[in-house]
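Spelled out from the first residue to the last, the chains are:
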Amino acid sequence: SAGWSSEKLLEAETYAGSIDTAAVVVVHGGRIVWEWGETSRPFMCHSMRKSILSLLYGNHVADGRIDLGWTLERLGIDDREESLTEIEKRATVEMLLQARSGIYHPALYEAPGMKARRPARGSHAPGTFWYYNNWDFNALGTIFENLTGRSIFEEFEERLARPLGMQDFDREKHTEYVTGPDSVHPAYPFQLSARDLARLGLLCARGGRWRDEQIVPRLWMVLSTRSFSDAGEAGGYGYMWWIAAGGKHVPGAALPDGSYSARGYRGHYVLVVPQWDLVIVHRVDTFAPSHRVTHEQFGELLRRILEARPEEIRPKTARI
């Protein structure tokens, strides 16, 4: 009745069952058109936590409590030995949101590949180079809590989980801080279910609005999902969101530029396509050490899902 092909979705479901996909939710026009797997089970979010924090920044930037131009020096942000240099402390809140701080201090909750690719300290001045950097993302958590006087998890529960009617989130069970000797700035992992993340994706697709309430400022949604950097095959990078740019975002799947996604280690995605009013959530049971869905596998699943979509959200082809 929604115009999607049941036959094509069944083919997508068959493919999902052949890889380590644990759950999928597809929301079009505000309605669930397909869901598969353990959609009510909270799984680890990994790096999707960063996009969640980006959403939480919006209201506090709008009310002036956080200024994107403030430097780390002004905010009193430093770290363990070797401490930040005077040049590194010139990085601004905005540069951290863009992952362009130029600060390559050891960080917590890093995947092995992130540690291996980390540039040398002092190799790039603040604002001049994009590197997907957990130090930036974790320091943003410290800055947020220092300036708002609130924990990230309290803010998430009050500003997002409750207004959106999340069904499976329990702050006591599904949040924690990760601390360690490498850095004073903790990581802030979440566990969320696919159907609760679909609510978050729909909020984004609707420009930060949920029913009759503007939960996240519309201007922030526009600004934070704009591409500021070339992120290679992923397209671009905004304020802790991955952005479709230059025809690139997910391998093997055609998406309009300006689509964007939150991504987590080993195959977690919340994909938002505002132009099509479409949200796709993909989860993997990464509590199991061996479970993983590659970018290429997700791209193939996404291609199959998009083959099932109705005509009104298919790219128009020229007729001769």
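Predicted model, so just to flag it, every value in this text is computed and none were measured. (Residues numbered from 1 in each chain as written. Predicted model: local features only at pLDDT ≥ 70, side-chain atom pairs only at ≥ 80, totals over all residues. Heavy atoms only, no water.)

Caption draft 1: Quick look at the pattern of salt bridges. In this structure the tally under the stated criterion is 17 salt bridges. A salt bridge links Asp-78 to Lys-89, with the shortest nitrogen-to-oxygen separation between them at 3.2 Å. One end of the pair, Asp-78, is in the loop between helix H3 (72–75) and helix H4 (93–97); the other, Lys-89, is in the loop between H3 and H4, with 11 residues separating them in the sequence. One salt bridge in this structure joins Glu-155 and Arg-150, with 3.0 Å as the shortest N-O distance. (Salt bridge = Lys/Arg side-chain N within 4 Å of Asp/Glu carboxyl O. Helix = DSSP H or I, 4+ residues; strand = E, 2+ residues; numbered from the N terminus.)

Caption draft 2: How the structure looks around the pairing of strand E5 (residues 183–187). Counting buried residues along E5, 4 of its 5 residues qualify, which places the element largely inside the surrounding structure. Pairing geometry for strand E4 (residues 178–180) and E5, over 2 bridges, is antiparallel. Bridging across to E5, Gly-180 finds its partner in Ser-183. Linking E4 to E5, which pair antiparallel, is a turn of 2 residues. (Buried < 20%, exposed > 50% of the residue type's maximum accessible area, 1.4 Å probe, protein only. Pairing = 2+ DSSP bridges.)

Caption draft 3: Quick peek at the nonpolar core. By size, the foremost hydrophobic cluster in this structure holds 75 residues, and its most contacted members are Val-93, Phe-156 and Phe-190. If you tally residues by element for this core, the top one is helix H9 (residues 194–205), at 8 residues. Apart from residues lying up to four places away in sequence, Phe-156 is in contact with Ile-52, Leu-56, Ala-161, Met-166, Phe-169, Phe-190 and Leu-192. Membership of the second largest hydrophobic core comes to 28 residues, among which are Val-250, Ala-253, Ile-280 and Leu-302. (Core = buried A, V, L, I, M, F, W, Y, C linked by side-chain atoms within 4.5 Å. Contact = heavy atoms within 4.5 Å.)

Caption draft 4: View of the state of the cysteines. Enumeration according to the criterion identifies 0 disulfides in this entry. The thiol of Cys-204 is not disulfide-bonded; the next cysteine sulfur, from Cys-45, is found 13 Å away. (Disulfide = S-S within 2.5 Å.)

Caption draft 5: Looking closely at the environment of Gly-201. Mapped onto the fold, Gly-201 is located in helix H9. Considered as a pair, Gly-201 and Val-272 are 71 residues apart in the sequence and their alpha carbons are 6.1 Å apart.

Caption draft 6: Representation of helix H6 (residues 134–148). If you check H6, its first and last C-alpha atoms are 21 Å apart, about what 15 residues at 1.5 Å a residue would give, namely 21 Å. Taken across its 15 residues, H6 has 12 buried, putting it largely inside the fold. Those residues of H6 lying buried are Asn-134, Trp-135, Asp-136, Phe-137, Asn-138, Ala-139, Leu-140, Gly-141, Thr-142, Ile-143, Phe-144 and Thr-148. Gly-149, located one to two residues past H6, shows a positive phi value of around 70°. (Expected span 1.5 Å × (residues − 1).)

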